[in-house]
Amino acid sequence: MIELPVMLPIPMGDFLMGSSDNDRFANATERPLHRVEITRPVAVAGFPVAESQWAQFDPRVAPSELPVVNVSWDDVQAYLAWLRQQTSEPFRLLTECEWEYCCRAGTTTVFHTGDNLDPSQGNYLYDEHGFKVGCGHRTPPGAYPANAFGLECMSGNVCEWVQDAWRPNYATDHATATRVIRGGAWDYLPRLLRSAWRDAAPSTTRRDNLGFRIACDL
């Protein structure tokens, strides 16, 4: 039996994607603000893929409840192909639009918690003055509250690979060879845990703060 994260059905709807004018840390990569419709029924993992789940695919990893890290986008694609073969289910990564929709969970504020995020609401290390306020390591499920869709750690703990190739902003269709990263991590500042924050890296990149979350079409 393959161990999977708890998968939660996500309600379809629409939202404003990107940074609003009241986000003081917004940058050009997060603009223009634009409306997106989510019309494809999907279930999303309530927590990033854990080391125990990854270890079924790669036994070199010691099983634990912590999010798996040091996995590249290419590694993740191999895992997803294995998972589809094992389960006959259409598992995949979230698209960037789906990811932000799931992170916001119906909110329009800077974070899904409002315009501020305190250390009890998300796993990050430094406050905006550079003082250490977080635990300084990855955390297991249940350490932080879920958002309104029941999803944990959409902001903080580990950054997450999504499916999309990087575009430098939402006004261009020009995509690069790098892949999009969302969510922010345990060693970041709050500004990098904002719902609109986005970054990119080559598909071969592996980091100790970068993991992923799975989705499955319904």
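This text follows the structure it describes.
Please read all numbers here as calculations on a predicted model, not as lab measurements. (Residues numbered from 1 in each chain as written. Predicted model: local features only at pLDDT ≥ 70, side-chain atom pairs only at ≥ 80, totals over all residues. Heavy atoms only, no water.)

Position of Arg182 among the secondary structure elements: in strand S7 (residues 179-182). Residue classification places Arg182 among the buried positions, given a relative accessible area of 0%. A distance of 2.7 Å separates a polar atom in the side chain of Arg182 from a polar atom in the side chain of Glu100. Once residues within four sequence positions are removed from consideration, Arg182 is found in contact with Met17, Glu96, Trp99, Glu100, Cys159, Glu160, Val162, Tyr170, Ser195, Ala196, Trp197 and Arg198. (Helix = DSSP H or I, 4+ residues; strand = E, 2+ residues; numbered from the N terminus. Buried < 20%, exposed > 50% of the residue type's maximum accessible area, 1.4 Å probe, protein only. Polar contact = N/O pair within 3.5 Å; in protein donor to acceptor, adjacent residues only side chain to side chain. Contact = heavy atoms within 4.5 Å.)

Strands belonging to one sheet form pairs held by backbone hydrogen bonds; the direction of such a pair is parallel or antiparallel. In spatial order, the strands read S8-S7-S6-S9; together these four strands make up an open sheet with mixed pairing. Sheet topology places strand S8 (198-201) and strand S9 (210-212) at the edges, where each strand pairs with a single neighbour. Across the sheet, the axes of successive neighbouring strands diverge by a mean angle of 45°, strand direction being ignored. As paired elements, strand S6 (residues 159-165) and S9 share three bridges and run parallel to each other. Following the sheet pairing, Cys159 is matched in S9 by Leu210. (Pairing = 2+ DSSP bridges. Axes fitted to C-alpha atoms, helices over the stretch in contact; angles between N-to-C directions.)

The next thing to look at is empty space enclosed by the protein. All chains considered together, the criterion is met by one cavity of 30 Å³ or more. Taken as a whole, the largest cavity holds about 70 Å³ of empty space. (1 Å grid on protein atoms, 1.4 Å probe; cavity = no way out; pocket = protein on both sides within 12 Å on 5 of 7 lines; lining within 4 Å. Points joined across faces, edges and corners; volume = space filled by probe spheres on them.)

Taken in spatial order, the four strands of this open sheet run S1-S4-S10-S5, and their pairing is antiparallel. The outermost strands of the open sheet, each flanked by one partner alone, are strand S1 (7-10) and strand S5 (91-93). Across the sheet, the axes of successive neighbouring strands diverge by a mean angle of 35°, strand direction being ignored. Both S5 and strand S10 (residues 214-217) contribute to a ladder of three bridges, which runs antiparallel. Bridge pairing in S10 places Arg92 opposite Ala215. On the sheet, helix H2 (residues 73-87) packs against S5 and S10 and is oriented at approximately 165° with respect to S5.

Further remarks concern helix H3 (residues 96-104). Counting buried positions along H3 yields eight of nine residues, so the element is predominantly enclosed. Of the positions making up H3, those classed as buried are Glu96, Glu98, Trp99, Glu100, Tyr101, Cys102, Cys103 and Arg104. Positive backbone phi, approximately 50°, marks Ala105, located one or two places after H3.

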